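Residue-level structural notes
Here is how the chains run, residue by residue.
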Amino acid sequence: MAEYDIAIVGGGLTGAALAGLLKARGKSVVHFAPVMEKDFRTSALMMPTVEFLQDSGLCPDPDALGYPLRQIRIIDATNRLLRGPEALFDSREAGHEQFGYNFPNADLLPRFQAFADDQPGEITKVEARVGLIDRQDDGVFVITDAHQNEHRARLLVGADGKKSMVRQQFSFEFDEEQFAQSALVCDFEFERSIGDCSIEFHYENGPFTLVPAHNNKINLVWLDQHKVLNEALALSDEKFEKLLEDKANHLFGHAKLLTKRFVFPLSNLHMRVAGKDGVVLVGEAAHAFPPIGAQGLNLGLRDVESLIEAIDEVSPQKQPLTRADADRVSALYAAKRTPDLIKTGGFVDGLFKSLLSDFLPAQLLRLSGLWALKSVSPLRKLAFKIGMGR
Ligand SMILES: Cc1cc2nc3c(=O)[nH]c(=O)nc-3n(C[C@H](O)[C@H](O)[C@H](O)COP(=O)(O)OP(=O)(O)OC[C@H]3O[C@@H](n4cnc5c(N)ncnc54)[C@H](O)[C@@H]3O)c2cc1C
């Protein structure tokens, strides 16, 4: 049975990005990547993440794949007693041409896979789910795939999403919270363009966000209660288009639906220690939260970046990674990730809960926060920094 330096479980965006970067470093890798259904979502990636994609070679040409996001407009559309002012953020205030780019996930994944194919070195790709992982007395992992084939590896990476079996099997501590809200996504266009501005209408049960994409297309991310979204799913296209116009306060004319509608249930998953004893977790295996403030994949790609740094620090390129190295990598990775997991998780959690709160003091706090963000320059700068993942 072949023994690899590293096993990656999961072929989503984080697993695929990691596979190519490890192959480029001459590590021997087995990658369990069952074929996924097409992901119709898009991901807003902020400039620090885009720069990582460019510098690492994962996506050297963001303009070709992504649509630049230059402005963010927040409109308080609630019926609450206390409503916030409309706020507009412009990337030039933060000294950037754009905040980031909006990428179709279905274009990013083949781009990451093509990057891996182009790297020198070898990778064993297994298009089957992992069924079982056993740890031997010498610490090596024996991984059995769905075809009952066994593979041995010294470092184990769980990139296997929100329901991660790696996280469960190796008893990582985490807190999870299911929300009464889901997210509805689809693509459509309005008669009038929204330009390069992402527009968030804040309603009582979550934001209704319009994210600009190529060819005047808009990616909708609408957070609301499951019941409301299920009713919206059942509407005819015509009635749904009317609903889109209503929710956008009739600011942009008629809506035309371009794709099917999909609903994703929402939950929070927080952990502090994302690596131990030769096992590490990246992406949604290590953290999940509602898609507000565009943080999930940004954080997942920062996990990938930190793991690569940890491996480079512990094990020289083109040399095998020993069992002792694997333990050092997991400890170093955990130390690098903990502050970011706490900061980003807390930021999104606080933002989401303040949006939903009917509690008057919380509304007041959010309101004064919006006024302060609208008018106080150092606070705006801080908000830019946190939102961009710095
Ligand atoms: C509506 C919505 C909008 C979003 N928008 C943004 C955004 O604008 N910006 C942003 O930064 N983030 C956004 N996110 C978050 C982002 O989509 C996720 O963070 C990202 O897709 C997670 O990627 P991943 O690779 O960690 O996990 P996944 O994409 O879940 O991949 C996990 C993979 O592991 C595989 N797997 C699972 N179990 C096994 C097993 N036993 N064996 C082998 N393989 C296994 C699965 O098949 C899957 O392919 C959004 C999320 C939602 C829900």
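Residues numbered from 1 in each chain as written. Predicted model: local features only at pLDDT ≥ 70, side-chain atom pairs only at ≥ 80, totals over all residues. Heavy atoms only, no water.

- Identification of the protein as 2-octaprenyl-6-methoxyphenol hydroxylase from Maritalea mobilis is taken from an unreviewed UniProt entry.
- The annotation that UniProt attaches to the protein under Sequence similarities (unreviewed entry) is "Belongs to the UbiH/COQ6 family."
- What the UniProt record of the protein gives under Pathway (unreviewed entry) is the line "Cofactor biosynthesis; ubiquinone biosynthesis." (UniProt positions renumbered as here; feature names shortened; annotations may be inferred.)

Examining the nonpolar core
- Judged by nonpolar contacts, the single largest core of 77 residues is most densely connected at I8, F112, I143, L156, V157 and L307.
- The leading source of residues in this core is helix α8 (residues 296-314), at nine residues.
- Those residues within four positions of F112 in sequence are excluded, and the remaining contacts are L13, A16, A17, L53, L58 and L301.
- Membership of the second largest hydrophobic core comes to 24 residues, among which are F188, F208, W222 and F252. (Core = buried A, V, L, I, M, F, W, Y, C linked by side-chain atoms within 4.5 Å. Buried < 20%, exposed > 50% of the residue type's maximum accessible area, 1.4 Å probe, protein only. Helix = DSSP H or I, 4+ residues; strand = E, 2+ residues; numbered from the N terminus. Contact = heavy atoms within 4.5 Å.)

Brief notes about the packing of aromatic side chains
- One pass over the full model with this rule turns up seven aromatic pairs.
- Taken together, a centroid distance of 4.9 Å and an interplanar angle of 85 degrees make the contact between F188 and F190 edge-to-face.
- For F188, a relative accessible area of 0% translates into the label buried.
- Following the ring pairs from residue to residue traces out a cluster consisting of F188, F190 and F252. (Phe/Tyr/Trp six-rings, centres within 6.5 Å; stacked < 30°, edge-to-face > 60°.)

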